[in-house]
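# Examining the three-dimensional arrangement
One-letter residues, chain by chain:
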Amino acid sequence: MKLTRRTLLVCATALGLTLPAGMTEALAQDKDLKKVTVRLAFNYNGHRSPYLLGVDKGFYEEEGLDVEVLEGKGVTSSMQLVANKQDTFAIIDPPSLMLGAAQGMPLRIVAQLYQVSPNAVISWKEENIKKPADLVGKTVATLQGDTTTTMLYALLARNDVERNEVKIVATDGGTRNQTFLAKRAAALTGFSNDSYLGMKATTEDDVDYFMYSDFGIDTMGDALAANTDTIEEDPEMVAAFVKATLRSYSYALEHPEEAIESLIKRSPTGDKDVAVEKLKATAELMTSDVTEEHGIGYSDKARFEQTQELMAEFGGLTKTVDDVSVYYTNDFLPKN
């Protein structure tokens, strides 16, 4: 038998092995792979490194996909790209999807990865900010177009804090961080498994944080979303992407250092140790009583109903639906 690259892939798959990144990249030339893009919310980072790992390990190729992981310019922008079919998938959260759907974006979640939202307010310890009311009279640096900013308004409303009592400065990521580090802001919005850990390292543990979920904004986080047309027209591709992504997360959480190597290869200026910590901190966000019964990636109807109710009351959602299952599907999760 001639030992071709294709033969190597078949044998490796049968044995449960993975091939080196260079070999899997070469295989793309030997196979008729379907081109797929997945758009992140912002830049490459530790907690979303599993997608990059999945590319390098050949997990997506083994499912017949040639996946390109693209950086984004905010959740809203990423949703629009998928709604316009310029990208195949986007990483978005249910509150953002609901707001997008109310504006007519034809999107649907195909895997709910984070059962708990990592949204957090990060602050200087000296400011003694422990709850939303402590933000009154303070400046908060946020990201334009990010879910942490959108949900900050809901957080304030839910806790009876007038929006005009807090100075909210929404800008890009670099400016946000610089504003905070220069102490022109008492706090900034971010993720517990991302911005907080980065700032903790940068400031030598001189920051504190509280979770939105501890003060009435208990929603879900990262999910895979696709255009409803894509879901209807190419369900096999969607199923393949979900399967490979779940495999990528499982492997990455068991081998975080290897996953971060995939990140550093594309973003060499990052702090490797901090990136590893961000990925490790992601594991607890992905599990719940729901996943114990149904597995990672499951969308729970009750949770979506609660989220829609919260968004309608505090998050600016002006158009709701009677059946929240239009926001998601569990059809593409592996049956086992």
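Residues numbered from 1 in each chain as written. Predicted model: local features only at pLDDT ≥ 70, side-chain atom pairs only at ≥ 80, totals over all residues. Heavy atoms only, no water.

## Focus on the layout of surface pockets
To keep things clear, this is the line we draw: Lining residues are defined by having an atom within 4 Å of a point belonging to a cavity or pocket. Those points lie on a 1 Å grid over the protein atoms alone, cavities being sets where a 1.4 Å probe fits but cannot get out and pockets being open sets with protein on both sides within 12 Å along at least five of seven lines. Grid points are joined across faces, edges and corners, and a volume is the space filled by probe spheres set on the points. Strands are runs of DSSP state E lasting at least 2 residues, helices are runs of H or I lasting at least 4, and numbering of each runs from the N terminus. Residue polarity follows a fixed list, in which Ala, Val, Leu, Ile, Met, Phe, Trp, Tyr, Cys and Pro are nonpolar, Asp, Glu, Lys and Arg are charged, and the others, Gly among them, are polar.
By volume, the largest pocket is sized at about 1,000 Å³. Secondary-structure elements contributing two or more residues to the lining of the largest pocket are strand S3 (89-92), helix H6 (147-158), helix H7 (173-181), strand S8 (187-191), helix H8 (195-202), helix H11 (256-266) and helix H12 (272-280). Partitioned by chemical class, the residues of the lining of the largest pocket number 18 nonpolar, 20 polar and nine charged. In this structure, the second largest pocket encloses a volume near 290 Å³. Lining the second largest pocket are 21 residues, and of these Thr 76, Leu 99, Gly 145, Asp 146 and Thr 150 lie nearest its centre. Elements with a minimum of two residues in the lining of the second largest pocket: helix H4 (75-83), helix H5 (94-102) and H6. The leading source of residues in the lining of the second largest pocket is H6, at five residues.

## Concerning the sheet that holds strand S5 (residues 119-124)
Stated precisely, the cut-off is as follows: One requirement defines pairing of two strands: DSSP has to find at least two bridges between them. An axis is simply a line fitted to the C-alpha atoms; with a helix, the fit covers only the stretch in contact. Between two such axes, the angle follows the N-to-C directions and lies from 0 to 180 degrees. By the convention used here, residues are in contact when the closest approach between their heavy atoms is within 4.5 Å.
Spatial strand order, S7-S6-S8-S5-S9: five strands in an open sheet with mixed pairing. Of all strands in the sheet, those with a lone pairing partner are strand S7 (167-171) and strand S9 (207-211), marking the two edges. On average, adjacent strands in this sheet sit at an angle of 30° to one another, irrespective of strand direction. Bridge count between S5 and S9: five bridges; the pairing is antiparallel. Bridge pairing in S9 places Trp 124 opposite Val 207. Running at roughly 135° to S8, H7 makes contact with S5, strand S6 (139-143), S7, S8 and S9 of the sheet.

## What about the confidence of the model for the protein chain?
The line we're drawing: Known as pLDDT, the predictor's confidence for each residue is given on a scale from 0 to 100.
Per-residue confidence for the protein chain gives a mean pLDDT of 92, with 90% of residues at or over 70. Every residue in residues 1-16 is under pLDDT 50, and counting partners more than four places away or in other chains gives 20 contacts.

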